[in-house]
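Spelled out from the first residue to the last, the chains are:
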2 protein chains.
Amino acid sequence: MSNGVLIGLDWGTTNVRAALLDAHGNAIDERRGESGVGQFNQKDFERNFDALTQDWPQVPAIAAGMVGSRQGWVEAEYLSVPCDTEVLSNSLISFKYGERDITIVPGLKLENGARYDVMRGEETQLAGFLAAHENFTGTIIMPGTHSKWVTLKSGRIVDFQTYMTGEFFDAVSEHTILRHSVSDQTGPDSFFADKVKMLAANSGSIEGELFGLRARHLLEECDAGRLRQELSALLIMAELRAGQTDGFDLNQHVVLVGTETLTVFYETALKAMGCSTQNHRGTTLVWPALFDLAAKANLIEGQIA
Amino acid sequence: MSNGVLIGLDWGTTNVRAALLDAHGNAIDERRGESGVGQFNQKDFERNFDALTQDWPQVPAIAAGMVGSRQGWVEAEYLSVPCDTEVLSNSLISFKYGERDITIVPGLKLENGARYDVMRGEETQLAGFLAAHENFTGTIIMPGTHSKWVTLKSGRIVDFQTYMTGEFFDAVSEHTILRHSVSDQTGPDSFFADKVKMLAANSGSIEGELFGLRARHLLEECDAGRLRQELSALLIMAELRAGQTDGFDLNQHVVLVGTETLTVFYETALKAMGCSTQNHRGTTLVWPALFDLAAKANLIEGQIA
């Protein structure tokens, strides 16, 4: 443990992951805890931090995610896009907790005429991707509760857009009449693949297809697993169509960043649209990102500026 | 009461309305009760009917709505479109309850390749509209929990499509992150009107606009009533765009059938798209429809066939 130089914290809405990183940015030790964002006060955050980092050396810490929101430990205001890793590392918010320096990565915001958008946490995964693909130009899709679509030009985040696909899926499958029709879900199966192919070739509305799932369930015996796959297909294709409508380019490099479970659904749907992707697990990008940002900001002990 | 010749029942999912109709189809007396569909067994439906029609003469009864579903009193299977009032009146399901004839209006279904759809209750409102507009050609939009779009040609129902707009509104405003942003709603105000005008002129996706409501709420002080109006605008415009995508014609006669509260939202949105409408209250169409169907099927006492 004595070779630890930096503590990284991936502090989201429900969970927090902490890692002690060595001088190469590798995790020597990792721990998990509850996030507390939304319920914790200042003292609670301190106690939670102490519990997570107990026995680790007194090195600086850097945190990303909802911990920097208005309901978090210390607010790190949103930074406007366009922006790159350089600007991000110059905009970190640092404070003293006892003898220790704690730094928080700000989220990003977009205010463009009538368009408004925000992200918090994803900017760090993007920084992790950019640490290994410095001058990337292309579209990054980050599937999730709130999917983020991001346009990058020469390593610069120039535009992004959120689609609430994951949240729609939960709301529709749990709180509408379709709850009678759908069952639990694993990965994409042939029903998902068939439906996305059909939709890719079809010009009808997704809205019209949704009640059709219910109607078919009433008119025919129909497997609930199949309906859940088809509901996923409808909502993911709605997102892909919306992303194209909103001007995101699927003809250049398309990178998927997210959990393996989710990215495989999107990969299948994008393939049906004739689009190949490169996939990254979002969580594995966080430690390299935090290490890179901390190094750029000269936060690491013994670091030569 | 002694001049009552027919009992009409508008028996939906949550409520039932009953009317005693005279020889001209006018309601002499009206009552309301709970529907019971989904919870009632055979005996419960009988008891409910007895309570509703107590003191009324022993005349035949005709019922429309979910009372004819699989979970209803007696199932009246869906009838395929295309269909007209003539076909509908020849497809009524009648049974004896004691000495009394009870008749149920079937719902409609569409099975067209991969498209599936159903309606139950709306076919009766359509029959009520057609009783006064016999050879109507045009598009009827019936806003609601499950909005129905219907294409009629010379008084014939040739196509229909359900959009789950009302249910989406509830699911999104109560069960997603937007619940933090929206408040109670009355009729459409200028925020609604502005937003539908903006969307009518705009080619961006509705999906992208949704999270934007939340983001603006985070970045600016923003009135919750305004956000609710804008959420209504987004979801109604999504339905109108979907209806057009699915081939419904908004350039010919467009008729709105529904509650006054809802139709005024749709009227405002359609106006922003350059489309004028004729509005009807759905509930006022039911007694004329049931009377017309019963007369066509020779169900009315003392009626000369």
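Residues numbered from 1 in each chain as written. Chains lettered and ligands numbered in written order. Predicted model: local features only at pLDDT ≥ 70, side-chain atom pairs only at ≥ 80, totals over all residues.

Caption draft 1: Molecular detail of the domain arrangement of chain A. Along its sequence, chain A is organised into domain 1 (4–133 + 285–296) and domain 2 (163–281). One C-alpha centre belongs to domain 1 of chain A, the other to domain 2 of chain A; they are set 32 Å apart. (Domains from an automatic or database assignment.)

Caption draft 2: Region of the structure containing the sheet that holds strand β8 (residues 108–112) of chain A. Overall, mixed pairing links the three strands, which are arranged β5-β8-β9 (chain A) in an open sheet. Edge positions in the open sheet fall to β5 (79–80) and β9 (115–119) of chain A, since each of these has one partner strand only. Taken together, the five bridges between β8 of chain A and β9 of chain A define a ladder with antiparallel strand orientation. Residue pairing for β9 of chain A: Lys109 of chain A is matched across the bridge by Val118 of chain A. The sheet strands contacting helix α6 (residues 206–219) of chain B are β8 and β9 of chain A, and the helix crosses β9 of chain A at an angle near 80 degrees. (Pairing = 2+ DSSP bridges. Helix = DSSP H or I, 4+ residues; strand = E, 2+ residues; numbered from the N terminus. Contact = placed C-beta atoms within 7 Å. Axes fitted to C-alpha atoms, helices over the stretch in contact; angles between N-to-C directions.)

Caption draft 3: Representation of the sheet that holds strand β3 (residues 27–34) of chain B within the structure. Residue and element names in this part refer to chain B. Spatial ordering of the open sheet is given by β3-β2-β1-β4-β7-β6, a layout of six strands whose pairing is mixed. Looking along the sheet, the strands with just one partner apiece sit at the ends: β3 and β6 (93–97). Across the sheet, the mean angle from the axis of one strand to that of its neighbour is 20 degrees, orientation sign disregarded. Relative to strand β7 (residues 100–104), strand β4 (residues 61–64) runs parallel, the two being bridged by three bridges.

Caption draft 4: Structural context of the relation of the copies chain A and chain B. When chain A is brought onto chain B, the operation consists of a screw motion whose angular component is 180 degrees and whose axial shift is 0.1 Å, with 0.0 Å RMSD remaining. Accordingly, the operation relating the two chain copies is best matched by a two-fold axis. Measuring from the rotation axis to each C-alpha of chain A, the shortest distance belongs to Ala171 of chain A, at 2.7 Å. The share of interface residues of chain A whose copies in chain B are also at the interface is 100%, consistent with both copies meeting through the same surface. (Least-squares fit on C-alpha atoms with pLDDT ≥ 70 in both.)

Caption draft 5: Structural context of unusual backbone geometry. Looking along the chain, the bond that leaves Val81 of chain A and enters Pro82 of chain A is cis, with omega of 0 degrees. Positioned with a positive phi, Asp55 of chain B is a non-glycine residue whose angle comes to about 75 degrees. Locating Asp55 of chain B in the fold gives a position in the loop between α1 (42–53) and β4.

Caption draft 6: Just the environment of Phe291 of chain A, in detail. The topology assignment puts Phe291 of chain A in helix α9 (residues 286–296). In the structure, Phe291 of chain A is positioned 103 residues away from Pro188 of chain A in sequence and 35 Å away in space, judged by C-alpha atoms.

Caption draft 7: Quick peek at the confidence of the model for chain A. Looking at chain A as a whole, the pLDDT averages 92, with 97% of positions reaching at least 70. Reported confidences for the modelled complex are a pTM of 0.91 and an ipTM of 0.87. (pLDDT = per-residue confidence, 0-100.)

Caption draft 8: How the structure looks around the interface of chain A and chain B. Taken together, the 36 residues of chain A in the interface contact 36 residues of chain B. Among the secondary structure elements, those contributing two or more residues to the side of chain A that touches chain B are β8, β9, β12 (156–163), α4 (165–175), α6 (206–219) and α7 (224–245) of chain A. When residues in the side of chain A that touches chain B are grouped by element, the largest group, nine residues, is from α6 of chain A. Looking at side-chain class alone, the side of chain A that touches chain B contains 16 nonpolar, eleven polar and nine charged residues. (Nonpolar A, V, L, I, M, F, W, Y, C, P; charged D, E, K, R; others polar.)

Caption draft 9: Geometry of the packing of α4 of chain A against α7 of chain A. Residue and element names in this part refer to chain A. For the pair α4 and α7, the least separation of the axes is 10 Å and the interaxial angle reads 145 degrees. The chirality of how α4 crosses α7 is right-handed. For the pair α4 and α7, the contacting residues are Thr165, Phe168, Phe169, Val172 and Ser173 in the first and Leu231, Ser232, Leu235, Ile236 and Glu239 in the second. Taken together, the residues that form the contact of α4 with α7 break down as six nonpolar, three polar and one charged. (Left-handed = near helix turned anticlockwise from the far one by under 90°.)

Caption draft 10: Looking closely at helix α8 (residues 260–272) of chain A. Residues and elements named next belong to chain A. Taking 1.5 Å of rise per residue, 13 residues should cover 18 Å, and α8 covers 19 Å from first to last C-alpha, within 8% of that figure. Of the positions making up α8, those classed as buried are Leu262, Thr263, Phe265, Tyr266, Glu267, Ala269, Leu270 and Ala272. If you follow the buried residues of α8, they end up packed against β10 (138–142), α5 (190–200), α7, β13 (254–258) and β14 (278–281). At the C-terminal side of α8, Gly274 shows a positive phi close to 80 degrees. (Expected span 1.5 Å × (residues − 1). Buried ≥ 20, exposed ≤ 12 C-beta atoms within 10 Å, placed from the backbone.)

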